[in-house]
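Secondary and tertiary structure notes
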Amino acid sequence: MRNRGKLSLHIPEPKQRPGDRPDFSDVVVPDAGLVERPRIDAKARDIAPLAYSLIRVLDNEARIVGPWDPKLDAETLRKGLRAMMLTRAYDDRMYRAQRQGKISFYVKSTGEEATSVAVAQALERDDMCFPSYRQQGLLIARGYPMLDMMCQCYSNARDPLKGRQLPIMYSSREYGFFTISGNLGTQYPQAVGWALASAYKGDDRIAASWIGEGATAEGDFHHALTFASVYRAPVLLIVVNNQWAISSFQGIAGGEETTFAAKAIGYGLPGLRVDGNDYLAVYAAAQWAAERARANLGATLIELYTYRAEGHSTSDDPSRYRPSDEWKAWPMGDPIERLKRHLIGVGAWTEKQHDALGEELAALVRETQREAEAIGSLAEGSQKQTMFEDVYKEMPWHLRRQMKEAGR
Amino acid sequence: MRNRGKLSLHIPEPKQRPGDRPDFSDVVVPDAGLVERPRIDAKARDIAPLAYSLIRVLDNEARIVGPWDPKLDAETLRKGLRAMMLTRAYDDRMYRAQRQGKISFYVKSTGEEATSVAVAQALERDDMCFPSYRQQGLLIARGYPMLDMMCQCYSNARDPLKGRQLPIMYSSREYGFFTISGNLGTQYPQAVGWALASAYKGDDRIAASWIGEGATAEGDFHHALTFASVYRAPVLLIVVNNQWAISSFQGIAGGEETTFAAKAIGYGLPGLRVDGNDYLAVYAAAQWAAERARANLGATLIELYTYRAEGHSTSDDPSRYRPSDEWKAWPMGDPIERLKRHLIGVGAWTEKQHDALGEELAALVRETQREAEAIGSLAEGSQKQTMFEDVYKEMPWHLRRQMKEAGR
Amino acid sequence: MPAMNMIQALNSALDTMLAADPNVLVFGEDVGYFGGVFRVTDGLQKKHGVTRCFDTPIGEAGIIGAAIGMSAYGLRPVVEIQFADYIYPAYDQIVSEAARIRYRSAGDFHVPLTIRTPYGGGIFGGQTHSQSPEALFTHVAGVKTVIPSNPRDAKGLLISAIEDDDPVIFLEPKRLYNGPFDGHHERPIQPWSKHPLSEVPEGHYTVPLGKAAVARPGEALTVLVYGTMVHVAIAAAEESGIDAEVIDLRTLMPVDIETIVKSVEKTGRCLVAHEATLTSGFGAELCALVQEHCFYHLEAPIRRVAGWDMPYPHAFEWDYFPGPGRVADGMRRVMEK
Amino acid sequence: MPAMNMIQALNSALDTMLAADPNVLVFGEDVGYFGGVFRVTDGLQKKHGVTRCFDTPIGEAGIIGAAIGMSAYGLRPVVEIQFADYIYPAYDQIVSEAARIRYRSAGDFHVPLTIRTPYGGGIFGGQTHSQSPEALFTHVAGVKTVIPSNPRDAKGLLISAIEDDDPVIFLEPKRLYNGPFDGHHERPIQPWSKHPLSEVPEGHYTVPLGKAAVARPGEALTVLVYGTMVHVAIAAAEESGIDAEVIDLRTLMPVDIETIVKSVEKTGRCLVAHEATLTSGFGAELCALVQEHCFYHLEAPIRRVAGWDMPYPHAFEWDYFPGPGRVADGMRRVMEK
Ligand SMILES: Cc1ncc(C[n+]2csc(CCOP(=O)(O)OP(=O)(O)O)c2C)c(N)n1
Ligand SMILES: Cc1ncc(C[n+]2csc(CCOP(=O)(O)OP(=O)(O)O)c2C)c(N)n1
Ligand SMILES: [Mg+2]
Ligand SMILES: [Mg+2]
């Protein structure tokens, strides 16, 4: 009766490694417009197939097709385009600053700008975001002062976080952006708690949180979905599947066997799988989930399928573990390019305008950087005097003593 | 655009509370035999509906119907019946011992005997079990000396665990029963690790683990399923959904929105939902999953739908939070009764034999208890001299010093 | 003033705060309808409603994680971890998040969270219902750690903890819930009602965090204790005839160094006792502080009486527990030279 | 003997053990193909195969939980937690499981698991890439805690840890990976190759657990340190001209009390220094032990120099880090009277 065959251990491995030619032929890219858009009060179980399909709004000619068209006016789309372009320009500049030794660390979001910007646009301004470290696009979309972002990275006298955090670990209650943690996944149940608080108070604000596909393996992912399901939290739980977690491809996070959107199913939550490089699709999915949440119908898990175009961070060299030009081959392209093409296609934008905007934003970033650097940088550590503050609301005796010992 | 309606907080509540009449009319009990039995190499996604149906083999007349018939001979079934009856007799006796103040704590598995015994029978003797605290049926089914079980509960001179563990927290490497933890859920990823070790070695042994539906909310549940999925661990991951976690009904664990078997789907694993009070169905499901695991096809999640007939433990009084006679109303009955009826129905058992066996087992348990009590009990704490051992393999200086201080 | 046991006093604190502040929420495993496995939240759901006091899934990290998010919204959650032994799954959310959010956000966010949890042995709970993990929190900058030893303090300290704007780990000595246990497990259980500190004011009052109490004044040596060990130390003093000054720390972090130093400067001798395992227990910190602050007053080494360095062994609870005999021995050793 | 930096020495230890024992497995986040974010596992997958050295999902509790199960099967897993700051999600599996399985099963099962993890600051990693959580493990009966300070010890201790039949937390001072950093961050980085302890034997050898080393003999006072602080303390001694005896503990639990006592009895003075936050740090335990064992030899209070009680502040790394200046000040204070 017993099968006496030998067992063997399966270790997932990506198809290509450095030196190999990029090949995404096994990525199924369904045509845009094919996925139905259910009512927001659809039962999660009835829409389980959405977790395996791919919501796409822009077709190969960057035209809007299908029921997920969020019906946005050109002005709104241009705002989204600008925010994505500004995010990329900011990233490029800060990356360079790190390479020049001006800041200690940086994380780019290149190629993933839509995953932040489009969601920010679909939310209300007073909805609360619990981001991971790759959602700088949220702050930019919400108009947070770039100077403050930079000063945070420079840890200078104007750094709102007083030099206490690694660059990019922003925090802004005012802009609805929760303080970023270095520990993966912790923000997810926190977002659920925030959303439950809003529901408890009978308010109408909702929350959204972002996590990488790699970090979905953390326990906090499970806790968030469990609590969201049990208490019907008004929250958007977004998985940014950029296919890489530092050097580990998505198979190591479970992506060989299923999609990340499908994780929703086990909690009785809707799971939407979305082309994360399609600004309109991301917007539409977030909008659907936000409406559902506001109607007291609970949480939605959204997988945004994208590709991490650059290294994990400035501490990383992706050419050590994947073909170096893989991004170029990513079949779903670049979110900025695609939105630009769409706008041009409908006559709401021109190449010239685009180039002009590009230059304007580059100049803005450069100018802001000059301002930030004029204020100072890490080396000066100019908020050092506050180092002993904020451990507690009031400084206990032992910290007062230590502060004295430190000569402050 | 924004729905300005007020949010509200949903707190799940069971339909009945003390004083209410038990009512399981919302429990869907499909007829036995209706669920198809897929090939063991079926793709998890293709068999997702199994997570929402209910595998049942014994019909209302206790006849075997349908494709999940495990085709067991009467001898095997009588062995299963005996193990379940012995488990119940043992539970009753030890419960009484606790009430008499002879042991400090006890946990019964009444009504859930099939969830342990049938799985034990479906596994090979050298497969490894990672139980929670309600799987005493495994040890009994595998023929572990009941005297040793009792001596563990009495913490006496023969206690294999030398008085170090709360009663019922058994451990037996020899019988393939991993040391029970008081911390919920920890055994789940451990079972996966054990299974991976077997696969790594190219052996053919598989693992099984048990968790309560309440404890599925722990992070370790998620870790286990993630690791099992990624590396295709040969393991059975069993959720005993007995509908209660101390005073919390299964809705607090997420049972309002979906089934526990459905949690498999998000990991790309097969999820089987099974009538946990149907010995044959439990056996058949475990057998299917074991075959699949041995064929290098990875893990299966099995929800055994049952009902916790008694209090959570001797520290609990369920009449404070649920109708006291709810078990009587449980539509899927009692696993012992049902298997007995089946055996009688096919002419392989009689009422008389049953009564005789009942008496024999009661006598056996009584006799064993006498033996155990003759050896001693907690009060004597007779392995005290070993108290400082086994913290480490070799006793470090500080423990030697403490042992001296303690006057040993 | 009504006599209350510690459970009633804690219940009264929660009731008072639920009534006073709509931002206070109480939740945890089995705390809702059932009222908690130790009955501390008994009746609160019925009185204040299901959204104010409710059950949670069995996921300690989820409980604390959600509570942190609620804090960011402006609520003041009070959560229960059913046994301190089960706080470890939430350790990351406590250490990396609750403790650090004020600091890392430069005050932009803070976490006025109270985590109640029963700790300590003495109920034959075995190794996973008996632990004393306080030192795992006193090492974490950003959280406060509080342990009451009697009903009056329990209520006043719990209200202070809830009103505090920083995360507080509130450890409840479960062996004291129903009576002032002095370690004499062989004697009949005493009810709280005979103890003066069971007189608990109704309504709102506070016992400040960070302030110790002299539980028994004395001249011979200073004994630093908290929770159950306060009663054990008093018993040891009475029984040994050694005139110990027993200090009930009440708050471990920030610890009341003034009261400690004042006493040790007076007595010149010091014993530290706790139920937690010895090595790297909070007693180590107390020893370090006392020898540093009072070195020239010390006439003998500071001794520690503590749980042995092992998991709490079920059957040998009373051999593990640092009872009055061992504490008295410790006192004698400190008095030796 | 080849000169190795600490990364190479650790890699060599793993390579040696993978070759020697088919039951040794190496896994963790990014340790497989890539070879680890600090390159400690570089080349091991290629040499020993994908099933011997592989990547894991980002779930520290899953990594440790699976490793415990593998231990029960008879394997000897060596896992990497990418930064010590990320060990907290696995804290329950370590404390409640790995540490207690031998005891609770009365030896029926045991866990010969090694958990490697880089700790400490000095690389501008901010608060979640700089922590020193050793005291959170020294309090846990059943685990051993080891911290090397140089390549030769690193390899020998890691092999001992892997061969040890109990769980070992092996903390690697990440600032020492590439050179013997003495706290002078303003000076150019020194390579290991100039340091005598970079001579690392090839193949198998062990440095025993539980044995400290005298890193610098001296007469004036005893300095108890481990990891990066060994080099800082030596620098402080040289620069201050104080003839300190610097003891490199190497193993924190079980600590080498003999070597400590012998030194303090000789010098009569003691300073403890670590990077971890002060309160309830391992220094507290060292103070408690030293004052207890050497009370009548001590001529001055034992002082502690440690990280301030706060999260590691990114920009003020060098104000937080207890560098040679602060250690020398500490020495002077200990020498005062
Ligand atoms: C708890 C924890 N474990 C490990 C790390 C180290 N780490 C930082 S980022 C990262 C990869 C995360 O990948 P993913 O979640 O996919 O996000 P992405 O970087 O792709 O946006 C890892 C392992 C961490 N920060 N926290
Ligand atoms: C980590 C942890 N949290 C909480 C507990 C307390 N506790 C013990 S059993 C239990 C209920 C478990 O219910 P379930 O998982 O459904 O198992 P059942 O008792 O029904 O078999 C709880 C909350 C624990 N033992 N461990
Ligand atoms: Mg990723
Ligand atoms: Mg249950």
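Read on for a plain summary of the structure. (Residues numbered from 1 in each chain as written. Chains lettered and ligands numbered in written order. Predicted model: local features only at pLDDT ≥ 70, side-chain atom pairs only at ≥ 80, totals over all residues. Heavy atoms only, no water.)

1. Section: the interface of chain A and chain C
- At the interface, 43 residues of chain A touch 49 residues of chain C.
- Between chain A and chain C, a total of about 3800 Å² is buried, with carbon and sulfur atoms accounting for 60% of that surface.
- On inspection of chain A and its partner chain C, the count reaches 2 salt bridges.
- Taken together, chain A and chain C are joined by 29 residue pairs in polar contact (both at pLDDT 80 or more).
- When residues of the side of chain A that touches chain C are traced back to their parent elements, those giving at least two are α5 (187-201), α6 (219-231) and α11 (397-405) of chain A.
- Sort the elements by how many residues they give to the side of chain A that touches chain C and α5 of chain A lands first, with 9 residues.
- For the side of chain A that touches chain C, the class distribution of residues is 19 nonpolar, 13 polar and 11 charged. (Contact = heavy atoms within 4.5 Å. Buried area = accessible area lost by both parts, 1.4 Å probe. Salt bridge = Lys/Arg side-chain N within 4 Å of Asp/Glu carboxyl O. Polar contact = N/O pair within 3.5 Å; in protein donor to acceptor, adjacent residues only side chain to side chain. Helix = DSSP H or I, 4+ residues; strand = E, 2+ residues; numbered from the N terminus. Nonpolar A, V, L, I, M, F, W, Y, C, P; charged D, E, K, R; others polar.)

2. Examining the side chain of R17 of chain B
- Along the chain, the position of R17 of chain B falls in the segment before α1 (74-99).
- Among buried Asp, Glu, Lys and Arg side chains, R17 of chain B stands out as unpaired, with D55 of chain C the closest opposite charge at 4.8 Å.
- A polar side-chain atom of R17 of chain B sits 3.0 Å from the main-chain carbonyl oxygen of Y321 of chain B. (Buried < 20%, exposed > 50% of the residue type's maximum accessible area, 1.4 Å probe, protein only. Lys, Arg positive; Asp, Glu negative; His and termini not counted.)

3. A word on the site of ligand 2
- Within the structure, ligand 2 sits among 20 residues, and Y133, R134, N242 and W244 of chain B together with E60 of chain C are positioned closest to it.
- At ligand 2, the nearby residues belong to more than one chain, namely chains B and C.
- A distance of 2.8 Å separates a nitrogen atom of ligand 2 from a polar backbone atom of G182 of chain B.
- In the environment of ligand 2, an oxygen atom lies 2.8 Å from a nitrogen or oxygen atom belonging to the side chain of N242 of chain B. (Near = heavy atom within 4 Å.)

4. Focus: the pattern of salt bridges
Residues and elements named next belong to chain C.
- The tally for this structure, following the rule as stated, stands at 90 salt bridges over all chains.
- A salt bridge links R332 to D329, with the nearest nitrogen and oxygen atoms 2.6 Å apart. Here R332 and its partner D329 are both found in helix α12 (residues 324-335), 3 residues apart, which amounts to about one turn of the helix.
- A relative accessible area of 42% places D329 in the partly exposed class.

5. Points about the packing of aromatic side chains
- Applying the stated criterion across every chain, the model contains 63 aromatic pairs over all chains.
- Each ring, one from Y226 of chain D and one from F282 of chain D, has its centre 6.3 Å from the other, and the planes form 70 degrees; the classification is edge-to-face. Of this pair, Y226 of chain D sits in the loop between β8 (221-225) and α8 (228-240) while F282 of chain D sits in helix α10 (residues 282-294), and the two are 56 residues apart along the sequence.
- Members of the aromatic cluster, each reached through a chain of ring pairs, are Y88, Y91 and F137 of chain C together with Y88, Y91 and F137 of chain D.
- Residue placement shows R273 of chain A over the ring face of Y305 of chain A; its charged tip is 4.7 Å from the ring centre.
- Taking NZ or CZ as reference, R17 of chain B lies 3.6 Å from the ring centre of Y33 of chain C, over its face. (Phe/Tyr/Trp six-rings, centres within 6.5 Å; stacked < 30°, edge-to-face > 60°. Lys NZ or Arg CZ within 6 Å of the ring centre and 35° of its normal.)

6. Describing the sheet that holds strand β11 (residues 270-277) of chain D
Residue and element names in this part refer to chain D.
- Spatially, the 5 strands line up as an open sheet ordered β7-β9-β8-β11-β12, and their pairing is mixed. One side of each edge strand has no neighbouring strand; the edge strands of this open sheet are β7 (213-216) and β12 (303-307). Between one strand axis and the next, the sheet turns by 25 degrees as a mean value, whatever way the strands run.
- Pairing analysis gives 3 bridges linking β7 to strand β9 (residues 244-248), with the strands arranged antiparallel. Paired with R216 across the two strands is V246, which belongs to β9.
- Along the sheet face, α10 touches β8, β11 and β12 and points at about 160 degrees away from the line of β11. (Pairing = 2+ DSSP bridges. Axes fitted to C-alpha atoms, helices over the stretch in contact; angles between N-to-C directions.)

7. Section: the coordination of the magnesium ion (ligand 4)
Residue and element names in this part refer to chain B.
- In this structure, E213 (OE), N242 (OD1) and W244 (O) serve as the protein donors to the magnesium ion (ligand 4), at separations of 2.1 to 2.2 Å.
- Mapped onto the polypeptide sequence, the residues donating to the magnesium ion (ligand 4) form the spacing pattern E-x28-N-x1-W. Residue E213 is located in the loop between β2 (207-212) and α6 (219-231), and its partner W244 is located in strand β4 (residues 244-245); the two are separated by 31 residues in the primary sequence. Comparing E213 with W244, the two get one shared label, buried. (Donors = N, O, S within 2.8 Å, 3.2 Å for Na, K, Ca; no water.)

8. Details of the interface of chain A and chain B
- With 59 residues of chain A at the interface, the matching set in chain B holds 59 residues.
- Linking chain A with chain B are 4 salt bridges, by the criterion used here.
- Between R232 of chain A and E256 of chain B there is a salt bridge whose closest N-O contact spans 3.9 Å.
- Our count for the contact surface shared by chain A and chain B stands at 16 residue pairs in polar contact (both at pLDDT 80 or more).

9. Topic: the environment of Y154 of chain A
Residues and elements named next belong to chain A.
- Structurally, Y154 is set in helix α4 (residues 146-154).
- Its relative accessible area of 1% is what places Y154 among the buried residues.
- Residues within four places of Y154 in sequence aside, it is in contact with M94, A97, K102, I103, Q369, A372, E373, G376, S377 and L378.
- Within the structure, Y154 has its side chain in polar contact with the side chain of E373 (distance 2.5 Å).

10. Observations regarding the environment of L286 of chain D
All names here are of chain D.
- Note that L286 resides in helix α10.
- Distance from L286 to L252, taken between C-alpha atoms, is 9.5 Å for residues 34 residues apart in sequence.
- Ignoring anything within four residues of it in the chain, the contact list for L286 reads L224, L249, V255, I260 and V272.

11. A short note on the state of the cysteines
- If you walk through the whole model with that rule in mind, you get 0 disulfides over all chains.
- For the unlinked cysteine C151 of chain B, the closest cysteine sulfur is that of C153 of chain B, found at 9.3 Å.
- Under the relative-accessibility criterion, C151 of chain B is labelled buried at 0%.
- Sulfur of C287 of chain C: no disulfide; nearest cysteine sulfur belongs to C270 of chain C and is 6.9 Å away. (Disulfide = S-S within 2.5 Å.)

12. Quick word on unusual backbone geometry
- Cis geometry marks the peptide bond from M253 of chain C to P254 of chain C; its omega dihedral reads 0 degrees.
- Turning to its location among the elements, P254 of chain C is positioned in the loop between β10 (251-253) and α9 (257-267).
- Of note, K71 of chain B is a non-glycine position whose phi angle comes to about 55 degrees, a positive value.
- Here K71 of chain B shows up in the segment before α1.
- Here the phi dihedral of F124 of chain C falls at roughly 50 degrees; this positive angle occurs in a residue that is not glycine.
- Assignment of secondary structure puts F124 of chain C in the loop between β4 (114-119) and α6 (135-138).
- Taking the relative accessible area as the measure of exposure, F124 of chain C reaches 24% and is therefore partly exposed.

13. Some remarks on the site of ligand 1
- Around ligand 1, a shell composed of 20 residues is seen, among which Y133, R134, N242 and W244 of chain A together with E60 of chain D lie nearest.
- More than one chain reaches ligand 1: the nearby residues come from chains A and D.
- At 2.6 Å from an oxygen atom of ligand 1 is found a side-chain nitrogen or oxygen belonging to R134 of chain A.
- Take E213 of chain A: an N or O atom from its side chain is 2.9 Å from an oxygen atom of ligand 1.

14. Notes on the pairing of strand β12 (residues 303-307) of chain C
Residues and elements named next belong to chain C.
- β12 sits mainly inside the fold: 5 of its 5 residues count as buried.
- Here strand β11 (residues 270-277) runs beside β12; their pairing, made up of 5 bridges, is parallel. Of the residues in β12, the one forming a bridge with H274 is A306.

15. Some thoughts on the pairing of strand β1 (residues 24-28) of chain D
All names here are of chain D.
- β1 sits mainly inside the fold: 5 of its 5 residues count as buried.
- Here β1 shows a buried face lined by V24, V26 and G28 and a second buried face lined by L25 and F27.
- Of the strand pairs in this sheet, β1 and strand β3 (residues 76-80) are connected by 5 bridges, and their pairing is parallel. The residue bridging F27 from the neighbouring strand is V79, located in β3.

16. Considering the sheet that holds strand β8 (residues 221-225) of chain C
Residue and element names in this part refer to chain C.
- Ordered by their spatial adjacency, 5 strands build an open sheet running β7-β9-β8-β11-β12, and the pairing between neighbours is mixed. Edge positions in the sheet fall to β7 (213-216) and β12, since each has one partner strand and no second. Direction aside, the axes of adjacent strands within the sheet are offset by 25 degrees on average.
- Pairing of β8 with β11, which is carried by 3 bridges, proceeds in the parallel orientation. Its bridge partner lying in β11, T222 is registered against C270.

17. Let's talk about the environment of A197 of chain B
- Within the secondary structure, A197 of chain B is located in helix α5 (residues 187-201).
- Between the alpha carbons of A197 of chain B and P234 of chain B there is a distance of 9.7 Å; along the sequence they are 37 residues apart.

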